[in-house]
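Summary of structural features
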Amino acid sequence: MSAPVVIIGTGLAGYNLAREFRKLDSETPLLLITADDGRSYSKPMLSTGFGKNKEADGLTMAEPGAMADQLKAEIRTHTRISGIDPGHQRLWIGEEAIYYRDLVLAWGAETVRVPVEGDAPEAIFPINDLEDYARFRAAAAGKKRVLILGAGLIGCEFANDLILGGYEVELVAPCEQVMPTLLHPAAAAAVKAGLEGLGARFHLGPVLTRLLRNGEGLEAHLSDGQVIACDVVVSAIGLRPRVDLAAAAGLQTGRGVIVDRELKTTHAHIYALGDCAEVDGLNLLYVMPLMSSARALAQTLAGTPTAVKYGPMPITVKTPVCPLVVSPPPRGTEGVWSVEGEGADIKALCHDAGGNLLGYALTGAAVMEKLALNKSLPPLLA
Ligand SMILES: Cc1cc2nc3c(=O)[nH]c(=O)nc-3n(C[C@H](O)[C@H](O)[C@H](O)COP(=O)(O)OP(=O)(O)OC[C@H]3O[C@@H](n4cnc5c(N)ncnc54)[C@H](O)[C@@H]3O)c2cc1C
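Please read these numbers as outputs of a predicted model, since none were measured by experiment. (Residues numbered from 1 in each chain as written. Predicted model: local features only at pLDDT ≥ 70, side-chain atom pairs only at ≥ 80, totals over all residues. Heavy atoms only, no water.)

The next point concerns the pairing of strand β18 (residues 232-235). Both faces of β18 are covered, namely the face carrying V232 and V234 and the face carrying V233 and S235. As defined by bridge partners, strand β11 (residues 124-126) adjoins β18 across three bridges and the pair is classed as parallel. Looking across to β18, one finds that I124 is bridged to V233. The sheet contact formed by strand β12 (residues 145-149) and β18 spans four bridges and is parallel. Across the sheet, L147 pairs through a bridge with V233, a residue of β18. (Buried < 20%, exposed > 50% of the residue type's maximum accessible area, 1.4 Å probe, protein only. Helix = DSSP H or I, 4+ residues; strand = E, 2+ residues; numbered from the N terminus. Pairing = 2+ DSSP bridges.)

Put into structure tokens, the structure is as follows:
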């Protein structure tokens, strides 16, 4: 049998690529390998599960067996690849070698962890996949108070969702505003106020230094001397593209695995997309870019080399207490921000010197204007 196309990862990138590829090629053997249980699910739903009262099973869209049938593919679950040997077009799972025709890295990003002192490190939960979510739900069952580390997009979404799920929420983050890398301060203030209106308590500036058991609960010691009583901790301090195995195999890596517009790495027959990929300098940890990448790469793998293009890609943040849509100005552009509106309804627009719209942040009622504004946004990768 000829060597298969091998995809590492069964997240949205891996599964969407497999689906797009099968639309074009139903014959070439396809092998998907994943370290997790291989269930198909939509990761963005993880930060809406408490409000909807959904367990991990309730967020599952398909079991791996059903995906294998649908994709006419072999899927190996709970299987972690341990190395790539580009010279021989093979990869390693421990001692086992698997040969590939083409290899696609869709192995995502991992949560950033910081060392915390104390006797309760196992009470800190990252939530970056369905199995993490199941573990956190089990730990949070019957508990009341959640401390969230990080006030970025994911921390804010979990804050809103956990409050909807009946929890008391405090957030700790060493930044001055929520979503500091993403959001204009006026829009950030609106989102923070919305979450505070629901009861969230923010501690912006300090970091968690020690986590101690105290009877049934926990005591979180912050760097500014505050002590917060809580029951369980969610870590949402950021994601880092997985690059180690690629770098060890001699592939060029930067923030992510470096690929060109055709999603090709620096080695023949190896491609990357999704959270792990840095596409022509852009590492975007969102669904829209990976969908565009999956469509383009499927064409390339089916014999028609195709470059990916990114149009405007605004991000809808799932903080229903204060709706938010944001489209940061593309890299390398220079603009000036103007802010209209007040309270919960903020329209912050960024224009270049020629008056062209570069980006925006819309909150509250102002999100209604997104469709009209999207028409004027520049593409991210033309
Ligand atoms: C809580 C949350 C909410 C989000 N909300 C949104 C949103 O609203 N909108 C949006 O656009 N984006 C959102 N995102 C981001 C979006 O979910 C991700 O960009 C996307 O899911 C990434 O998909 P991926 O397939 O690249 O990676 P992943 O889903 O992380 O998949 C990686 C896969 O690789 C496997 N793997 C890793 N290492 C190995 C190995 N060595 N061997 C074998 N397999 C391996 C893993 O097991 C997994 O199957 C959210 C993210 C989170 C965490």
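This part is about the sheet that holds strand β16 (residues 217-222). Read across the open sheet, the three strands follow the order β15-β16-β17; overall the sheet is antiparallel. If you trace the sheet from one side to the other, it starts and ends with β15 (208-214) and β17 (227-230), each paired once. Direction aside, the axes of adjacent strands within the sheet are offset by 25 degrees on average. Summarising the sheet, β15 and β16 pair through six bridges and their orientation is antiparallel. In the sheet register, L211 faces β16, and the bridge partner there is A220. (Axes fitted to C-alpha atoms, helices over the stretch in contact; angles between N-to-C directions.)

Even without being a glycine, K72 presents a positive backbone phi close to 50 degrees. Looking at where K72 falls in the secondary structure, it is placed in the loop between α3 (64-71) and β5 (74-76). For M179, which is not glycine, the phi torsion reads 45 degrees and is therefore positive. You can see M179 is positioned in the loop between β13 (168-173) and α6 (185-198).

A word on the packing of aromatic side chains. The full count for this structure, using the stated rule, is four aromatic pairs. Geometrically, the ring pair formed by F50 and F136 is edge-to-face, given 5.7 Å between the ring centres and 70 degrees between the ring planes. Taken together, the residues F50 in the loop between β3 (40-41) and α2 (56-59) and F136 in helix α4 (residues 130-140) connect sequence positions 86 residues apart. Residues F50 and F136 agree in their burial class; the two are buried. (Phe/Tyr/Trp six-rings, centres within 6.5 Å; stacked < 30°, edge-to-face > 60°.)

Taken together, 33 residues sit near the ligand, with T34, K43, D275, V287 and K318 positioned nearest. Interatomic distance of 2.8 Å between a side-chain N/O atom of T34 and an oxygen atom of the ligand. Measuring from an oxygen atom of the ligand, one finds a backbone N or O atom of V287 at 2.8 Å. Relative to its unbound accessible surface of 1,000 Å², the ligand loses 92% to contact with the protein. Among the elements of the structure, α1 (12-24), α5 (153-164) and α8 (287-301) are those that each provide at least two residues to the shell around the ligand. Ranked by the residues each element gives to the shell around the ligand, the list is headed by α5, at three residues. (Near = heavy atom within 4 Å. Polar contact = N/O pair within 3.5 Å; in protein donor to acceptor, adjacent residues only side chain to side chain. Areas by Shrake-Rupley, 256 points an atom, 1.4 Å probe, with all protein chains shown as cover.)

Glancing now at a nonpolar patch on the surface. Taken together, the side chains of L164, L198 and V321 make up a nonpolar region of the molecular surface, amounting to roughly 220 Å² of accessible area. Looking at where L198 falls in the secondary structure, it is placed in helix α6. A relative accessible area of 34% places L198 in the partly exposed class. (Patch = residues over 30% accessible without salt bridge, like charges linked within 9 Å, V, L, I, M, F, W, Y side chains within 5 Å. Salt bridge = Lys/Arg side-chain N within 4 Å of Asp/Glu carboxyl O.)

Read across the sheet, five strands follow the order β23-β24-β27-β26-β25 without closing on themselves; strand pairing throughout is antiparallel. At either end of the open sheet lies a strand with only one pairing partner, and these are β23 (315-317) and β25 (336-342). Across the sheet, the axes of successive neighbouring strands diverge by a mean angle of 15 degrees, strand direction being ignored. In terms of strand pairing, strand β26 (residues 345-351) meets strand β27 (residues 357-363) through five bridges, oriented antiparallel. Looking at β27, one finds that H351 is bridged to L357. Along the sheet, α6 contacts β24 (324-327), β25, β26 and β27; its crossing angle with β27, the most-contacted strand, is approximately 20 degrees. (Contact = heavy atoms within 4.5 Å.)

Once that is clear, we can look at the side chain of N283. With respect to the helices and strands, N283 occurs in the loop between β22 (277-279) and α8. At a separation of 3.0 Å, a polar atom in the side chain of N283 contacts the side chain of R255. Apart from the residues lying within four places of it in its own chain, the contact partners of N283 are P241, R255, D275, C276, A277 and E278.

Turning next to the nonpolar core. Membership of the largest hydrophobic core comes to 55 residues, with the highest contact counts inside it found for L91 and L105. Here this core gets six residues from one element, more than from any other, and that element is α8. If you look at the next biggest cluster of nonpolar residues, it comprises 47 residues, including L59, I163, A187 and A200. (Core = buried A, V, L, I, M, F, W, Y, C linked by side-chain atoms within 4.5 Å.)

To continue, consider the packing of α1 against α8. Two measures define how a pair of helices packs: the angle their axes make with one another and the distance between the axes. Here α1 crosses α8 at 35 degrees, and the two axes come no closer than 8 Å. The crossing of α1 and α8 is right-handed. In this structure, α1 contributes L12, A13, N16, L17, E20, F21 and L24 to the contact, and α8 contributes V287, L290, M291, A294, R295, L297, A298, Q299 and L301. (Left-handed = near helix turned anticlockwise from the far one by under 90°.)

This part is about α8. Counted at 1.5 Å a residue, the expected span for α8 with its 15 residues is 21 Å, and the 21 Å between its end C-alpha atoms agrees. Of the positions making up α8, those classed as buried are P289, L290, S292, S293, A294, A296, L297, A298, T300 and L301. For α8, the elements touching its buried residues are β1 (5-8), α1, β9 (102-105) and β21 (270-272). Just beyond α8, the residue with positive phi is G303, at close to 110 degrees. (Expected span 1.5 Å × (residues − 1).)

Here we take up the side chain of D132. Its place among the elements puts D132 in helix α4. Only 2.8 Å separates the side chain of D132 from the backbone nitrogen of N128, close enough to count as a polar contact. Discounting chain neighbours no more than four positions away, the residues touching D132 are P126 and I127.

The analysis is restricted to geometry; functional conclusions fall outside its scope.
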